[in-house]
Amino acid sequence: MLEQNLQKYFNFADFRPGQREIVEAITSGKDTVALMPTGGGKSLCYQLPAIIFPGLTVVVSPLIALMKDQVDALSARGIAATFINSSINSAEVGRRVADIKSGRTKILYIAPERLGAPGFQKFFSELKVDFLAVDEAHCVSQWGHDFRPDYLNIKNHIKNLKRRPIVAAFTATATPEVKDDIITRLELREPAVFVRGFDRPNLKFLVQCDLKPKERYAEILRIVKSLDGSGVVYALTRKETEIIAGYLQENGVKTAAYHAGMEAARREKIQNDFMENNFQVIVATIAFGMGVDKSDVRYVIHSGMPGSLEGYYQEAGRAGRDGEKAYCVLLHSKKDTNTHKFFIRANHNDMLGQGKSWQEASRISDIKYDRLDKIMRYATERKCRRKMILEYFSDPEVKNHSGNCRGCDVCLGWKRNTEQHRSGRSDTGKGFITETVKETVKLYQDGYDVFRIAKMRGLGVSTVMGHLIEWYEAGGELAIEDLVSSLEQSQILEAIAKVGMERLSPIKSVLLEEISYEKIKLVAAKIRRGR
Ligand code: ADP
């Protein structure tokens, strides 16, 4: 029955590691804590129970941008979902509230601060909620990297409900302190705790140690040029994002920098352009990522070592969410460690300034030094990187691990500057159709349009179009009339007759602006296929 729903509503053939057990625990009525890595598939673990429970599910999430995406994706799958947050006006809130009251809504996404808003509290407390999922649950803990005071009140909002729902908490932050805080501060009742899926087999882990800053930039350029698809470069400072982006740009790579010092509108534009593949590489501080669900990121490069392995894995895990091969590269320099030590000392002084006792400040600093030590080991020891990650997160899978993952620089015997980064395409040769392309095609054949598929799969529209073109060029069946009207086809044919079809830009230049490269590619492929 679970499999049937998985297939019916989500179009997935199998569960990912951990998902089934988590769904089973929740649907059997147990409070649950699920610790899974970024990209591990947490959303499904609350969306599937939400479909199975007869009544309402509430998902508390701080990620306003992601709420809309998730609600759109669920709606596209025929599931009555909605969200209430600061992005909608009060009339619209009223309409949504009415839908919830009438029982039409199955899943409500809500920001934590809204739960406490005057006027809303009463409405909320009168709801019959079957299941309440807390996403990004580490926000309840000062130990998480993103503490939000509103999270502390979630337990009170639950208490105010007439009937206590099943409560489940989800996060990618898996240290014992955070897990304990989640259980106590959300007042979970004897929860089932799952630490699962930290192994992401499609990710390859590479580390280069002791690089000088200049070498680091050259290495980033080399990697970016040798891989297909889009990527993220994380830098430690705002200034460095600009420097690296400039350097890549000078060397012919389409790039944008991104950091919290930029205006919100500009950040949003860059984020959208990245989703739509208008440029190849985003060079960002850690301000980028939370709530960005681009599933076909092919590599994440860290220019500089983060302060903890969980921070690293959270960011690196943004690669390859679609399950296709992707690379996580850590470029480490000796000075990184000193930078982090400097931050820890400064933070220690800040804590004293805020009135914390010396013991308390030292206890917190010690935990930070310990985390730094562990990521230092990850960066510098020649041991299977994947196994070290599984050990760090206490994933039970580690006991089945041989110590040779065949997917990290150590296990593959790669040495600096001799690695052969190869993309999935060149590995397999011409005519290879990846699983991600096949999935798009399947959805298209099932009757979803390009925009819906983009939403459902967390991809840009142009990527989805790219998949369909790839499929068609490789000989697959596709009714191109649905994508390019017959009038447009004849205009493109005329243009090709004039300027030939060796290159696309001359064709584009003699056509109307609205006729996209994608449409031209489809018609050119049709001609080639007819030959
Ligand atoms: P997380 O919230 O853990 O970072 P998501 O829930 O966004 O991860 O899932 C990451 C990606 O994995 C999404 O594109 C989602 O559609 C996909 N996914 C989740 N579960 C499965 C599954 N069982 N089979 C295939 N793809 C899945």
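Each residue is numbered by its place in its chain's sequence as written, counting from 1. Predicted model: local features are reported for residues with pLDDT of at least 70 only, side-chain atom pairs are reported and counted for 80 or more only, and whole-chain, interface and lining totals are derived from all residues. With hydrogens and water set aside, each side-chain value is computed from the structure's full complement of heavy atoms.

Peer 1: Mind showing me how you'd approach the sheet that holds strand β3 (residues 81-84) here?
Peer 2: Sheet strands line up and pair through hydrogen bonds in the backbone, either parallel or antiparallel. Only strands that DSSP links by at least two bridges are regarded as paired with each other. Numbering of helices and strands runs from the N terminus, with a helix taken as a DSSP run of H or I at least four residues long and a strand as a DSSP run of E at least two residues long. In spatial order, the strands read β3-β4-β2-β5-β6-β1-β7; together these seven strands make up an open sheet with parallel pairing. Of all the strands in the sheet, just β3 and β7 (192-195) have a single pairing partner and so form its edges. When strand polarity is set aside, the average angle formed by the axes of neighbouring strands in this sheet is 15°. Strand direction decides the pairing type here: strand β5 (residues 129-134) and strand β6 (residues 166-171), joined by four bridges, are parallel. Following the sheet pairing, L132 is matched in β6 by V167. In this analysis, two residues are considered to be in contact whenever any of their non-hydrogen atoms come within 4.5 Å of each other. Note on geometry: axes are lines fitted to C-alpha atoms, helical ones only across the stretch in contact, with angles between N-to-C directions running from 0 to 180 degrees. Across the sheet, helix α5 (residues 90-101) touches β2 (56-60), β3 and β4 (107-110), and the angle it forms with β3 is around 135°.

Peer 1: Sorry if this is basic, but what is going on with the domain arrangement of the chain here?
Peer 2: A common way to state how big an interface is: give the accessible area lost once the parts meet. In terms of domain boundaries, the chain breaks down into domain 1 (2-195), domain 2 (203-412) and domain 3 (425-528). For every domain, the bounds stem from an assignment made automatically or drawn from a database. Taking only C-alpha atoms, the centre of domain 1 and the centre of domain 3 are 38 Å apart. With seven residues of domain 1 at the contact, the number on the domain 3 side is eight residues. Joining two parts hides part of their accessible area as seen by a 1.4 Å probe, and the buried area is that hidden amount summed over both. A combined buried area of about 640 Å² lies between domain 1 and domain 3, and 49% of that area is made up of carbon and sulfur atoms. Per-residue buried area on domain 1 facing domain 3 is highest for N11, A76 and R77; these three make up 64% of the total on that side.

Peer 1: So what exactly am I meant to see when it comes to the site of the ligand here?
Peer 2: The environment of the ligand is made up of 14 residues, and the closest members are D14, R16, G39, K42 and S43. Pairing of N or O atoms within 3.5 Å defines a polar contact, subject to two protein rules: one partner must be a possible hydrogen donor and the other a possible acceptor, and residues neighboring in sequence count only if both atoms are side-chain atoms. Between the ligand and the protein, one listed contact pairs a nitrogen atom with a backbone N or O atom of D14 at 2.8 Å. Note that a nitrogen atom of the ligand is positioned 2.9 Å from one of the side-chain N or O atoms of Q19. Protein coverage of the free-state accessible area of the ligand, which is 570 Å², stands at 82%. When at least one non-hydrogen atom of a residue lies within 4 Å of a molecule or strand, that residue is treated as near it. Surface accessibility in these figures is a Shrake-Rupley result with a 1.4 Å probe; residues are shielded only by whichever protein chains are displayed.

Peer 1: When you look at the packing of aromatic side chains in this model, what are you seeing that I'm missing?
Peer 2: Geometry of an aromatic ring pair is reported as the spacing of the ring centres plus the angle between the planes. Geometry of aromatic contacts follows a simple scheme: Phe, Tyr and Trp rings, the Trp one being its six-membered ring, pair when their centres are within 6.5 Å, and the pair is stacked under 30 degrees between planes, edge-to-face over 60, tilted otherwise. Here the structure, examined in full by the defined rule, presents 17 aromatic pairs. Taking 4.4 Å as the distance between ring centres and 15° as the angle between the ring planes, the aromatic pair formed by F198 and F393 counts as stacked. Remark: F393 occurs in the loop between α16 (385-392) and α17 (424-428) and F198 occurs in the loop between β7 and β8 (203-208); sequence separation between them is 195 residues. F393 matches F198 in its accessibility class, with the two residues each being buried. Of the aromatic side chains, those joined through ring pairs into one cluster are F198, F205, Y313, Y392 and F393. Over a ring means this: the NZ of a Lys or the CZ of an Arg is within 6 Å of the ring centre and within 35 degrees of the ring normal. The ring of Y378 carries the charged tip of R385 above its face, separated from the ring centre by 5.8 Å. Its guanidinium or amino end placed over the ring of Y517, K508 lies 5.7 Å from that ring's centre, counting from NZ or CZ. Throughout, exposure labels follow a simple rule: accessible area from a 1.4 Å probe, protein chains only, divided by the maximum for the residue type, with under 20% read as buried, over 50% as exposed, and the rest as partly exposed.

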